[in-house]
Amino acid sequence: MKKIFGRINLTWPKVIIMAIITGIYTAIMAMFPIAKDTSFSDLTATFEVWIFFGIFIIMNSKSAKDSALKCFIFFLISQPLVYLVQDVVNHSNLFMTYYRFWILWTIACIPMGFIGYYMKKDKWWGLLILIPMLLLTAEEGIGYFSKMMFSFPRHLLTTIFCISALIIYPLAIFNNKKVKIVGVVISGLLIILIILVCIIKPPIYSTNLLSNGENYQFDDAYKAYLLDKKYGDLSIECDDETNDCMIHAEFKKAGKTEFILESPDGKKTTFNISIRRDTYSIKEKSN
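Residues numbered from 1 in each chain as written. Predicted model: local features only at pLDDT ≥ 70, side-chain atom pairs only at ≥ 80, totals over all residues. Heavy atoms only, no water.

## Here's the deal with the sheet that holds strand β2 (residues 223–226)
Sheet architecture is open: 4 strands sit in the order β2-β5-β6-β7, paired in antiparallel fashion. What marks the edges here is a single partner per strand, and that holds for β2 and β7 (280–284). The sheet shows a mean angle of 25° between the axes of neighbouring strands, taken without regard to direction. Pairing geometry for β2 and strand β5 (residues 255–262), over 4 bridges, is antiparallel. (Pairing = 2+ DSSP bridges. Helix = DSSP H or I, 4+ residues; strand = E, 2+ residues; numbered from the N terminus. Axes fitted to C-alpha atoms, helices over the stretch in contact; angles between N-to-C directions.)

Below you can see the structure in the form of structure tokens.
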């Protein structure tokens with residue numbers, strides 16, 4: 001790890017090639033259907049892997065100015081490519097829609113790369129520079145640990161990456177024993193926080209499945225329930241003023257099961273349901 005964080009001759013051609021490969025790979029993962037909602041596409045939406053690239057560049061730069069410029073150029077090339085490749089392939093307009101947000105982070109890479117370089121000085125204030133990156137990595141770790149709990153093994157690799165990064169960064173960046181120990185303690189506390197937050201507040205996907213209307217007629221005298229209770233709970237909620245009713249779901253994990261809408265006289269309508277972290281699909285079973 002020490003070689004990765006400070007002992008690589010990171011030339012400008014290497015930075016540019018790395019930026020091109022990273023940008024194109026990210027775009028492919030964003031378009032590849034089988035990669036959707038997996039660890040392989042997570043870097044298309046969140047920061048954890050990009051933080052790694054930033055630290056990698058910083059630690060292998062020759063000066064604060066070199067670090068600032070290489071971080072800026074890496075993200076100036078890689079981030080637009082993510083959207084431009086998708087625009088070319090899908091004839092979309094993602095670049096104009098989303099890059100206005102990422103260009104601000106790209107510009108911020110100049111001061112962040114410059115200041116980040118001083119982590120190499122192996123002083124206690126180098127740890128203060130690293131802490132925001134640890135906190136942001138931990139924040140992403142909470143999100144992906146929660147997603148992994150809901151739809152295991154999806155996002156397992158990203159969860160492992162975030163937790164590993166929290167430990168590796170202080171160990172690999174610093175040689176000063178005291179700074180290293182304090183950094184590992186901070187990272188350890190953040191890992192405990194990730195686990196506790198997700199255990200205390202387990203992931204729940206709340207949504208509405210059906211409303212009464214032309215296709216299905218029901219009221220609060222009906223019952224709605226999942227065939228397999230491990231996936232969550234259903235309830236029928238009605239508006240007293242409009243008499244509109246809907247089937248509300250509190251899903252606890254991803255998977256496939258059936259749900260039943262049962263009338264007061266015992267007549268049952270059965271549906272197949274496929275649950276994902278933030279979406280679902282249902283289809284009535286034929287008799």
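There is more to say, and it comes next.
## Observations concerning helix α6 (residues 156–173)
Between its first and last C-alpha atoms α6 spans 25 Å; for 18 residues at 1.5 Å apiece the expected length is 26 Å, and the two agree. Along its length, α6 shows its largest kink, about 30°, at Ala165. When α6 is considered as a whole, its buried residues turn out to be Thr158, Thr159, Cys162, Ala165, Leu166, Tyr169, Pro170, Ala172 and Ile173. Residues of α6 that are buried sit in contact with α2 (48–59), α5 (124–150) and α7 (177–200). (Expected span 1.5 Å × (residues − 1). Bend = angle between axes of the 7 residues up to and from the residue. Buried < 20%, exposed > 50% of the residue type's maximum accessible area, 1.4 Å probe, protein only. Contact = heavy atoms within 4.5 Å.)

## Focus: the nonpolar core
Ile55, Phe74, Met119, Leu130, Tyr169 and Ile173 are the most contacted members of the largest nonpolar core, which has 43 residues in total. Mapped by element, the contributors of at least two residues to this core are α1 (12–31), α2, α3 (64–90), α4 (94–116), α5, α6 and α7. Those residues within four positions of Met119 in sequence are excluded, and the remaining contacts are Ile58, Met59, Gly126, Ile129, Leu130, Met133, Ile173 and Phe174. Ranked by size, the runner-up nonpolar core spans 21 residues in total, among them Tyr216, Tyr231, Cys245 and Phe251. (Core = buried A, V, L, I, M, F, W, Y, C linked by side-chain atoms within 4.5 Å.)

## Overview of unusual backbone geometry
Between Phe152 and Pro153 the backbone carries a cis peptide bond, its omega angle lying at 10°. Of note in the backbone geometry, Asp37 takes a positive phi value of approximately 60° without being a glycine. For Asp37, the position within the fold is in the loop between α1 and α2. Look at His155: it is not a glycine, yet its phi comes out positive at around 70°. Within the secondary structure, His155 sits in the loop between α5 and α6.

## Some thoughts on the packing of aromatic side chains
For the structure on display, the rule yields 21 aromatic pairs. Considering the side-chain rings of Phe5 and Phe52, the 6.0 Å spacing of their centres and the 90° angle between planes classify their relative orientation as edge-to-face. Here the residue Phe5 occupies a position in the segment before α1, and Phe52 occupies one in helix α2, the gap between them amounting to 47 residues. Residue classification places Phe5 among the buried positions, given a relative accessible area of 5%. A relative accessible area of 23% means that Phe52 is categorised as partly exposed. Ring centres of Phe114 and Tyr118 lie 6.1 Å apart, and the angle between their planes is 55°; this geometry places the pair in the tilted category. For Tyr118, a relative accessible area of 30% corresponds to the partly exposed category. Cation over ring: Lys70 sits above Trp12, and NZ or CZ is 5.7 Å from the ring centre. Residue placement shows Arg277 over the ring face of Phe150; its charged tip is 4.9 Å from the ring centre. (Phe/Tyr/Trp six-rings, centres within 6.5 Å; stacked < 30°, edge-to-face > 60°. Lys NZ or Arg CZ within 6 Å of the ring centre and 35° of its normal.)

## As for the state of the cysteines
This structure, assessed with the given rule, holds 1 disulfide. Between the sulfur atoms of Cys238 and its disulfide mate Cys245 the distance is 2.0 Å. Residues Cys238 and Cys245 are joined by a disulfide whose S-S torsion is about 110°; by sign, that bridge is right-handed. A residue is classified by how much of its surface remains accessible, and Cys238, at 27% relative accessible area, is partly exposed. Of the cysteine sulfurs around Cys162, a residue in no disulfide, the closest is that of Cys198, at 11 Å. (Disulfide = S-S within 2.5 Å.)

## Comments concerning the pattern of salt bridges
Summed over all chains, the structure comprises 5 salt bridges. Ionic pairing is found between Lys70 and Asp66, a salt bridge with its closest N-O pair at 3.1 Å. Note that Lys70 and Asp66 are positioned in helix α3 at a spacing of 4 residues, about one turn of the helix. Just as Lys70 is buried, Asp66 falls in that class too. A salt bridge links Glu258 to Lys285; its shortest N-O distance comes to 2.8 Å. Of this pair, Glu258 sits in strand β5 while Lys285 sits in the segment after β7, and the two are 27 residues apart along the sequence. (Salt bridge = Lys/Arg side-chain N within 4 Å of Asp/Glu carboxyl O.)

## Topic: the side chain of Asp87
Its place among the elements puts Asp87 in helix α3. Among buried Asp, Glu, Lys and Arg side chains, Asp87 stands out as unpaired, with Arg100 the closest opposite charge at 11 Å. For Asp87, the residues in contact, after removing those within four places along its chain, are Ser92, Asn93, Leu94 and Phe95. (Lys, Arg positive; Asp, Glu negative; His and termini not counted.)

## A short note on empty space enclosed by the protein
Here the structure, examined in full by the defined rule, presents 1 cavity of 30 Å³ or more. There is about 50 Å³ of room inside the largest cavity. Every residue lining the largest cavity is listed: Thr26, Leu43, Thr44, Ala45, Thr46, Trp50, Gln79, Val82, Tyr83 and Trp102. If you tally residues by element for the lining of the largest cavity, the top one is α3, at 3 residues. (1 Å grid on protein atoms, 1.4 Å probe; cavity = no way out; pocket = protein on both sides within 12 Å on 5 of 7 lines; lining within 4 Å. Points joined across faces, edges and corners; volume = space filled by probe spheres on them.)

As far as function goes, none of this settles anything; it's purely spatial.
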